[in-house]
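Below are the chains, spelled out letter by letter.
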Amino acid sequence: MQIYLAPMEGVIDHHMRFLLDQLGGIDLCVTEFIRVSKTVLPSRVFLSACPELTPLNERDGKEGSEYGSVNTTRLQLLGSNPELVALNAQKAVELGASAIDLNFGCPAKTVNRSYGGARLLDETSLLHDIVKATREQLPSSVLVTAKIRLGYNDRSSYLRNAIAIAEAGADELIVHARSKADGYQPPAYWTYLNTIQQHLDIPVVANGEIWTLGDYIECREQSGCDRVMIGRGLLARPDLGLAIKAYHRGEDYQYMIWPQIATLALQLLRLTQAHYPPKHMGNRIKQWLFYLMRSYPQAGALFENIKRSRDFDFIERALIKEAG
Ligand SMILES: Cc1cc2nc3c(=O)[nH]c(=O)nc-3n(C[C@H](O)[C@H](O)[C@H](O)COP(=O)(O)O)c2cc1C
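Residues numbered from 1 in each chain as written. Predicted model: local features only at pLDDT ≥ 70, side-chain atom pairs only at ≥ 80, totals over all residues. Heavy atoms only, no water.

### Here we look at the packing of helix α11 (residues 258-272) against helix α14 (residues 312-323)
Link 1 in the chain: The contact between α11 and α14 brings their axes to 7 Å, and the two run at 155°. When the axis of α11 is compared with that of α14, the two are roughly antiparallel. When the axes of α11 and α14 are compared, the crossing they make is left-handed. Contact with α11, carried on its side by Trp258, Pro259, Ala262, Thr263, Ala265, Leu266, Leu269 and Arg270, involves Phe312, Ile315, Glu316, Leu319, Ile320, Glu322 and Ala323 of α14 and no other residues of that element. (Axes fitted to C-alpha atoms, helices over the stretch in contact; angles between N-to-C directions. Helix = DSSP H or I, 4+ residues; strand = E, 2+ residues; numbered from the N terminus. Parallel < 35°, antiparallel > 145°, perpendicular 65-115°, else oblique. Left-handed = near helix turned anticlockwise from the far one by under 90°. Contact = heavy atoms within 4.5 Å.)

Set out below in structure tokens:
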């Protein structure tokens, strides 16, 4: 059984990956997507999306203290030109990336207009070519994985896309169990993944709508997948991965209580302080509180208290008070 932290553009950056990874229960992270459109991108673009690639001696004297491991971080690319995606993947690998994930699920309008992300779910042969070109460009030691939705306007293309991606040489397929048209509307259709897994020799990873241990158990039953990817559920319940691991060991698990969560949020605030201009101070914390509200009502009250503040000291004091 393996648990992956889902990529979430604008939400799960390397600070969040570091924090949740450190807490435990997560086997693997994926970066926010890097968009490939016209060129082989400069190194700084890769390092910005995936600071885990930063060589140890260039880490501002922080000795890696706020960087996750590059070995457990996949770098995600999004693009529609097979050769260009492959060349950018090669560049990422030259910079130290240990695995490349290809995004075929992003529903964003700007991305789909330029023919990337979920739009490609209607273009099975192009999906195939992108995966094949990337796989052929990289050494076999580097994993090439793909993340899809069940389809674009409906859920009819899921099996042919999954088979095409596997035939193109992908090492693993992650499936967000909804079409682009389904958006984020529950439910997630986990049973489709069972059909996919029956047709594929590579591992299939189930994703979508896992918020609780109960959801996880049901998802496993319906999908037959041994690996799951969780995004919003891990933001709402940061130790859900630990609870799942405890469940597999047959142990009871006590979820973290609010002061422990507030301590984590305080850690995130301090980690991010130097990285955001004053006008964005605390934005990441506020964003996280929005997800935490689902499990911790105290997060809602704290959000109300700090929502208009951009003052580091004020937000820090509020978090220290909550952390007890
Ligand atoms: C704000 C946000 C940003 C996302 N960014 C990405 C992304 O960069 N790459 C990607 O493959 N999926 C992205 N996703 C989709 C998630 O990885 C995941 O498939 C989706 O949230 C369903 O999983 P969940 O129910 O566990 O959150 C994003 C989702 C959200 C809500």
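What follows picks up the thread again.
### Points about the packing of aromatic side chains
Link 1 in the chain: Taken as a whole and assessed by the stated rule, the structure comprises six aromatic pairs.
Link 2 in the chain: Ring geometry for Tyr158 against Tyr192: centres 4.8 Å apart, planes inclined by 70°, an arrangement best described as edge-to-face. Placement of Tyr158 in helix α6 (residues 158-167) and of Tyr192 in helix α7 (residues 191-199) is noted, with a sequence separation of 34 residues between them.
Link 3 in the chain: Taking the centre distance of 6.5 Å and the plane angle of 80° together, the rings of Tyr216 and Tyr247 count as edge-to-face. Pair noted here: Tyr216 is in helix α8 (residues 213-223) and Tyr247 is in helix α10 (residues 240-248), with a separation of 31 residues, a long-range link.
Link 4 in the chain: Using a relative accessible area of 37% as the deciding quantity, one classes Tyr247 as partly exposed.
Link 5 in the chain: Of the aromatic side chains, those joined through ring pairs into one cluster are Tyr158, Tyr189 and Tyr192. (Phe/Tyr/Trp six-rings, centres within 6.5 Å; stacked < 30°, edge-to-face > 60°. Buried < 20%, exposed > 50% of the residue type's maximum accessible area, 1.4 Å probe, protein only.)

### Regarding the packing of α8 against α10
Link 1 in the chain: Look at α8 against α10: their axes get within 10 Å of each other, and the N-to-C directions meet at 60°. Between α8 and α10, the angle is such that the two are oblique. Crossing hand, α8 versus α10: right-handed. For the pair α8 and α10, the contacting residues are Leu213, Tyr216, Ile217 and Arg220 in the first and Leu240, Ala243, Ile244, Tyr247 and His248 in the second.
Link 2 in the chain: When the residues that make up the contact of α8 with α10 are grouped by side-chain class, the tally is seven nonpolar, one polar and one charged. (Nonpolar A, V, L, I, M, F, W, Y, C, P; charged D, E, K, R; others polar.)

### Comments concerning the pairing of strand β6 (residues 143-151)
Link 1 in the chain: Most of β6 sits inside the fold, with eight of its nine residues counted as buried.
Link 2 in the chain: The sheet contact formed by strand β5 (residues 99-104) and β6 spans six bridges and is parallel. Each bridged residue has a counterpart across the sheet, and for Phe104 the counterpart in β6 is Ile148.
Link 3 in the chain: Pairing of β6 with strand β7 (residues 172-179) involves six bridges; the strand directions are parallel. (Pairing = 2+ DSSP bridges.)

### Concerning the side chain of His14
Link 1 in the chain: Within the secondary structure layout, His14 lies in helix α1 (residues 14-23).
Link 2 in the chain: Assessed through its relative accessible area of 11%, His14 is described here as buried.
Link 3 in the chain: The contacts of His14, once residues within four sequence positions are left out, are Pro51, Glu52 and Glu66.

### Some details on the pairing of strand β1 (residues 2-5)
Link 1 in the chain: Note that β1 and strand β9 (residues 227-230) share four bridges and pair parallel. The residue bridging Gln2 from the neighbouring strand is Arg227, located in β9.
Link 2 in the chain: When β1 meets strand β2 (residues 28-30), the two strands line up parallel, connected through two bridges. The partner of Tyr4 across the bridge, within β2, is Leu28.
Link 3 in the chain: You can see the chain leave β1, run along α1 and come back into β2, and the turn it takes is right-handed. (Right-handed = clockwise from strand over helix to strand, strands pointing away.)

### What about α8?
Link 1 in the chain: Taken residue by residue, α8 has Asp215, Tyr216, Cys219 and Ser223 as its buried positions. Down the axis of α8, the buried set is contained in an arc of 100°. They therefore lie on one face.
Link 2 in the chain: Buried residues along α8 sit against α7, β8 (204-207), β9 and α10.
Link 3 in the chain: Just downstream of α8 lies Gly224, where phi reads positive at about 70°. (Arc of directions from axis to C-beta.)

Function cannot be inferred from these measures alone, as they are strictly geometric.
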